[in-house]
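Descriptive analysis of the structure
For reference, the chains in residue letters:
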Amino acid sequence: AAGVDLVLSGHVHAYERTFPMARGERVEACKGLIVHVTIGDGGNREGLALPWLEPQPAWSALREASYGFGVLEVQSATEAEWEWWRDDGGTWDVAERVLLKRGKCEEEE
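Below or above, wherever it landed, is the structure these notes cover. (Residues numbered from 1 in each chain as written. Predicted model: local features only at pLDDT ≥ 70, side-chain atom pairs only at ≥ 80, totals over all residues. Heavy atoms only, no water.)

Glancing now at the pairing of strand E2 (residues 15-18). Within a regular beta strand, the side chains point alternately toward one face of the sheet and then the other, so they alternate between its two faces. A two-sided burial pattern is seen for E2, the buried positions comprising Tyr 15 and Arg 17 on one face and Glu 16 and Thr 18 on the other. Bridging between E2 and strand E5 (residues 35-39) involves three bridges; their strand directions are antiparallel. Each bridged residue has a counterpart across the sheet, and for Tyr 15 the counterpart in E5 is Ile 39. Bridge count between E2 and strand E6 (residues 60-64): four bridges; the pairing is antiparallel. For Thr 18, the partnering residue across the bridge sits in E6 and is Ser 60. (Buried < 20%, exposed > 50% of the residue type's maximum accessible area, 1.4 Å probe, protein only. Helix = DSSP H or I, 4+ residues; strand = E, 2+ residues; numbered from the N terminus. Pairing = 2+ DSSP bridges.)

Shown next as structure tokens:
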């Protein structure tokens, strides 16, 4: 509604990304829709947020209680790449890479 394409938030000590959303529901097309990322997995003395609500909701693309960080690279006025890096016991791996385009979203393998 306000031209928002991506919402990045924290606090919950875990990682979760939604599929494109409209009015609280998952939708397939991305035009004018919002992807939400909760990235509060930098670590703290309280540990990771567990347990998850089961079963995983249909709007949840990926969720994991792991330590990590995210990288958002804005490539143009209409494209950005989101990466989530997971701490896999002392080594860092790209656990997810998503290309966000206005009007289209593509998950990369």
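Take the sheet that holds E6 next. With mixed pairing, the four strands of this open sheet are ordered in space as E1-E5-E2-E6. On the outer flanks of this sheet lie strand E1 (6-9) and E6, each paired with one strand and no other. Going across the sheet, the axis of each strand differs from the next one's by a mean of 5°, ignoring polarity. (Axes fitted to C-alpha atoms, helices over the stretch in contact; angles between N-to-C directions.)

Before going further, it helps to examine a nonpolar patch on the surface. Judged by side-chain polarity, Leu 8, Leu 72 and Val 74 come together as a nonpolar surface patch covering roughly 270 Å² of accessible area. Given a relative accessible area of 61%, Val 74 falls into the exposed group. (Patch = residues over 30% accessible without salt bridge, like charges linked within 9 Å, V, L, I, M, F, W, Y side chains within 5 Å. Areas by Shrake-Rupley, 256 points an atom, 1.4 Å probe, with all protein chains shown as cover. Salt bridge = Lys/Arg side-chain N within 4 Å of Asp/Glu carboxyl O.)

What follows covers the pairing of strand E7 (residues 68-74). Pairing of E7 with strand E8 (residues 79-87) involves seven bridges; the strand directions are antiparallel. Bridging from a neighbouring strand, Gly 70 pairs with Trp 84 of E8. In sequence, E7 turns back onto E8 through a hairpin of four residues.

Take Pro 20: it is sitting in the loop between E2 and strand E3 (21-22). Overall, Pro 20 belongs to the buried group, its relative accessible area being 8%. As a C-alpha pair, Pro 20 and Leu 6 span 14 residues in sequence and 9.2 Å in three-dimensional space.

By themselves, these observations are geometric and do not establish any function.
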